[in-house]
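Next come the chains, spelled out residue by residue.
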Amino acid sequence: MGKRNFYIILSLGVFLTVSLYLYNGIETGAEAIAKRQQYVDDLRRKIGNLEHVAEENGRTIDRLEQQVRQAQAEKSVDFDEEKEKTEEKEKEQEQEKEKEVAPVPVRGNRGELAHVHQVQKHHKPTPPMVDVCNIRENVSVAHSDLQMLDLYDTWKFENPDGGVWKQGWKIEYDAEKVKALPRLEVVVIPHSHCDPGWIMTFDEYYNRQTRNILDGMAKHLGEKDEMRFIYAEISFFETWWRDQTEETRKKVKKYLEDGKFEIVTGGWVMTDEANAHYHSMVTELFEGHEWIQNHLGKNAIPKAHWSIDPFGLSPSLPHLLTSANITNAVLQRVHYSVKRELALKKNLEFYWRQLFGSTGHPDLRSHIMPFYSYDIPHTCGPEPSVCCQFDFRRMPEGGKSCDWGIPPQKINDGNVAQRAQMIYDQYRKKSQLFKNNVIFQPLGDDFRYDIDFEWNSQYENYKKLFEYMNSKPEWNVHAQFGTLSDYFKKLDAAISETGENLPTLSGDFFTYADRDDHYWSGYFTSRPFYKQLDRVLQHYLRSAEIAFSLANIEEEGMVEAKIFEKLVTARRALSLFQHHDGVTGTAKDHVVLDYGQKMIDALNACEDVLSESLVILLGIDSTKKMEMDEKRLDSKLLSTLTSKYIHFRNVVLFNTLSRTRIEPTCIYVDSLDAGVEADPPVTKQQISPIIEYNEENKKLVVKEDVFELCFLVTLGPMESASLKLVKSTVPSKSEIRTNSEVKVDSSFKTSSTSGDFIVENDKIKAEFDGENGMIKKATSLVDNKPIDLNSHFVHYGARKSKRKFANGNEDNPAGAYLFLPDGEARELKKQSGDWVVIEGDLVRKVLATPINDLKILQTYSLYHGLPWIDLDNEVDIRSKENFEFALRFSSSVNSGDEFFTDLNGMQMIKRRRQAKLPTQANFYPMSAGVYIEDDSTRMTIHSAQALGVSSLASGQIEIMLDRRLSSDDNRGLQQGVRDNKRTVAHFRILIEPMSPTSSNKKEERIGFHSHVGHLATWSLHYPMIKMIGESTPKSISSKNLEQEINCDLHVVTFRTLASPTTYEANARSTAAEKKAALVMHRVVPDCRSRLSLPDTTCLSSGIEIEPLKLISTLKSSRKTSLTNLYEGQKTEQFSLQPNDISSILVSF
């Protein structure tokens, strides 16, 4: 108590002392007021200074934050550092052992990357995806500054004459003001665009030109210190590398190390972006990148994308590129009006964002070349007549000339001032179209630098121009040779200095027009025979890849080395055809035949790989090769079932999907009493006659001594089975209805009928026209609501090339590239035709011949337990000239002016019919499907081949089937399209009752298939593999995956990695590694569909991927970039963001 009183007294004393001191310090009077005022003034000055300092510090902090972000972007942030440290020694030992060099791990396809700029994030981050069904609020809005569909609605698409820049305007600048601006940086990039097939075949181009180009690169980059060169097509580069000495190879690697030579994109080809399926785009990109990694090393790994010639651009490729860790791009072929509108607001450089937003997905920083072409006259500036004078290959000695009549002049002391001022003026004008002070000039064209004269003349003359320009301080410019990476580094520096952010853009760049109303929508359909063959090869290659990897894991060393060689051959054939003059159908006739033969050879190679691999997986003791039951004898013919299954042989099946399949499978057999034997027994079987089309008499006829056996099979994920073919009484016999005189075996109950007729199964009902057999209505048995389809054929004529446009341009006729109709489509007159209905317990078919002079055969198929209708459409238009042929559905779906088309089979994009644009502008590429919908119904047409598509009225879907044109369209091919063949197109019609939604659909720019829709497209593209095998004592099967994968996960491919190729005496050999890339795609389902999956097991599987649980014999799994150029840490569980496409590297 005493101690407490002491502290109270002490505190009071301190308080009194302080109070007296403060009281004595109080001043009074005028003097005190003046001092206080001075104090306030000083304080204000200090606050002002602090505000100024704060502003400076704010700017400094902004710059520092930007630099920090950029620095952070150069290292991995997605990998656990502690785990990485513990694995570091192990990884170094593995790398030393395998003699591999891999860069620092990166984030793969999400967020910051190893070597590029900071990835932009949208302003309103998309909420996390908790419920995958809640798609409309999560992944259906891109949150971009520029949205292409919205811009199309507002732009007028006028076509004024812009003067010297015909598609633009007169560009001006103030010569005095530029002196005070940041210095203009100009990067001149020598390049050569080499088509792997177009006017000549791949081999013809290589032997005549590309070999010389690459020889010149190896020679002149060593002789010319400041010269630079970029190159894209690895298909050519690999062929050239094979022939080089070790000394030349070392020189080229040194150029790559020193930054004098750069590989851009690094795909096997510069892929088409309209018709190519994303599986094949991954294949060709992987093929190129794997070869680069194996033979050129880390200095050659592509860091930038170069897409200067594909005829329209898809956001699917940017998605794949960023997944492969490429996040800078240069683009060229964009609609001239789009270029003009973007240039007006300096938006030609932007971050290209996916339609589903940027939740975990990086944007692709993109630069669109502003002018007409990628050749030199259209790249230095807006005036081609001036720029052409700086293409020094066009001097008289170079064998080329300028279209504007003024040739280039060799640069010397007497003319350098005047010539430098001319090109400097072009550079300045070009720079007015961009936000930053960095521009580049591509210095090249198709197959350039194939002679020494060009290497010397371009280098020597530009070097003199650079020296003069750079010496003029009043011009404030610095020009140099550089690579694409040099350009983007300078752009990074400029953005960091100015803080000038680029906008984000979402959408695509279809349909491309290069001038006037010349829309390049014709190539969406040209050469449909080969477009269909492309998808057949895609299916068999994917199947062979999966089977080979599974067999290699199952029995290491059992697969013969030569089998892997065949797999590599098939990969490269499919990859080559993805070239933008291959799958597009825009090459010369003999080149198309060359592509076709390569694909036929690849199909035969896939058959060998599948045979060898499935024998191992099934444990069959046989050395006899198994055969596909369908063959293409050459590239001119449709597939024919040359082999039929006979008693006491086996039916070998392989399900290449990662989910259980329960579906009818059909084969051709030699007897009415054939059936399959299995354990457990196959209880549902059906035998039917085979009806085919006789082209000579244009009638339906019965194929003699062959029958179709269908049986209901259940195969687990990636399961293979071998079933015995035996004599059996199990199969039930189909019944036949027809309006024709076709003669069917008396064993089948047959009846004659007329009038409209109905065919249905347990899921869907279809009504057909009794006059010609074409489908009229379809009804889902979920809601029993009939949907009018009213299918019919239409055709367009080709516009004649006689008129001139208001701007003075001359018209061109339609051709391989251009669709230029002579008016609206005309409906083909309805004809009476034969039809036959085959009805059984498992499969029900309608065969119809609606148009005789086009030899059309339509086959509609309804399968037990499946809610769709398959349509195979065969047609031959060789009797016509200047004829564009289409299948049109006029449905009762109230779709208005909107419809959805797929982009490369990877995503669905919303389209809107533009009345201000011509018919040809409203056609879009359909790589794999199209749908229209209203509040209660969706109608989807899935497609197994690429074709052009539109919706020209509410409820309509119009699919181009073939085109035959006698004229060249003046785009370089120098021929029409007249090599037509009888062609089949495979479609799948899906009618889905939809539940209503409360979401704001007006904001959506993307669509999604339902669970059933995804299954429909995957099973259409990847049907069950069927092979004829040797007899075994009993039926056997092999469960190759130990777990079912979630329905939303799709195995794009399972690709065994290749070791470096051995080149000896003009021969090459490639061995398989004990590693494989499991490429996965996580899709987003539209859960409004009221249809149910035939098997729902996959719905209960987790969304995570655990490779070591899928295949227990695997040794390890690790993160990697899409094409395996960047390896990450080991892990046993992988999670994909919605819409991700990612690779998992497994070792065995």
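Look above for the structure.
The structure contained in this document is the topic of the report that follows. (Residues numbered from 1 in each chain as written. Predicted model: local features only at pLDDT ≥ 70, side-chain atom pairs only at ≥ 80, totals over all residues. Heavy atoms only, no water.)

### A word on the nonpolar core
So the rule is basically this: To define a nonpolar core, start from buried Ala, Val, Leu, Ile, Met, Phe, Trp, Tyr and Cys residues and group those joined through side-chain atoms within 4.5 Å. The rule is simple: take the accessible area with a 1.4 Å probe, protein chains only, and divide by the maximum for that residue type; under 20% is buried, over 50% is exposed, in between is partly exposed. Every helix listed is a DSSP run of H or I at least four residues long, and every strand listed is a run of E at least two residues long, numbered separately from the N terminus. Every residue pair with non-hydrogen atoms within 4.5 Å of one another is taken to be in contact.
Counting residues in each nonpolar core, the largest one holds 245 residues, and the members touching the most others are Met217, Phe237, Phe261, Tyr462 and Met469. Sorting elements by how many residues they give to this core places helix 18 (residues 589-618) first, with 15 residues. Beyond its immediate chain neighbours, meaning those up to four positions away, Met217 contacts Phe229, Phe237, Trp240, Val252, Tyr255, Phe261 and Trp455. Judged by nonpolar contacts, the second largest core, of 32 residues, contains Val669, Ala678, Val682 and Phe707.

### Section: helix 17 (residues 561-577)
So the rule is basically this: Given the number of residues in a helix, its expected span is that number minus one, multiplied by 1.5 Å.
Given a rise of 1.5 Å per residue, 17 residues ought to cover 24 Å, and the 25 Å separating the end C-alpha atoms of helix 17 matches this to within 8%. In terms of burial, helix 17 is largely enclosed, as twelve of its 17 residues are buried. Of the positions making up helix 17, those classed as buried are Ile563, Phe564, Leu567, Val568, Ala570, Arg571, Arg572, Ala573, Leu574, Ser575, Leu576 and Phe577.

### Some remarks on the pattern of salt bridges
Cut-off, in case you're wondering: We define a salt bridge as a side-chain nitrogen of Lys or Arg found within 4 Å of a carboxyl oxygen belonging to Asp or Glu.
Under the criterion given, the structure shown has 78 salt bridges. The salt bridge involving Arg394 is made with Asp391; its shortest N-O contact spans 2.7 Å. The residues Arg394 and Asp391 share a single accessibility class, namely buried. When the shortest N-O distance is used, the salt bridge between Arg803 and Asp517 registers 3.2 Å. One end of the pair, Arg803, is in the loop between strand 26 (791-797) and strand 27 (826-827); the other, Asp517, is in the loop between strand 11 (504-506) and helix 16 (528-554), with 286 residues separating them in the sequence. Assessed through its relative accessible area of 15%, Asp517 is described here as buried.

### Side note on the sheet that holds strand 11
Here is the rule: Pairing between strands is defined by DSSP: at least two bridges between the two strands are required. Only the contacting stretch of a helix is used when fitting its axis, a line to C-alpha atoms as for every element, and angles between N-to-C directions run 0 to 180 degrees.
With mixed pairing, the six strands of this open sheet are ordered in space as 1-11-7-8-6-5. Unpaired on one side and paired on the other, strand 1 (146-147) and strand 5 (305-307) mark the two borders of the sheet. Where strand 7 (residues 349-353) lies against strand 11, three bridges are found, and the strand directions are parallel. Paired with Tyr351 across the two strands is Thr504, which belongs to strand 11. Together, strand 5, strand 6 (328-331), strand 7 and strand 8 (364-368) form the strand contacts of helix 15 (residues 484-498), whose direction differs from that of strand 8 by roughly 105°.

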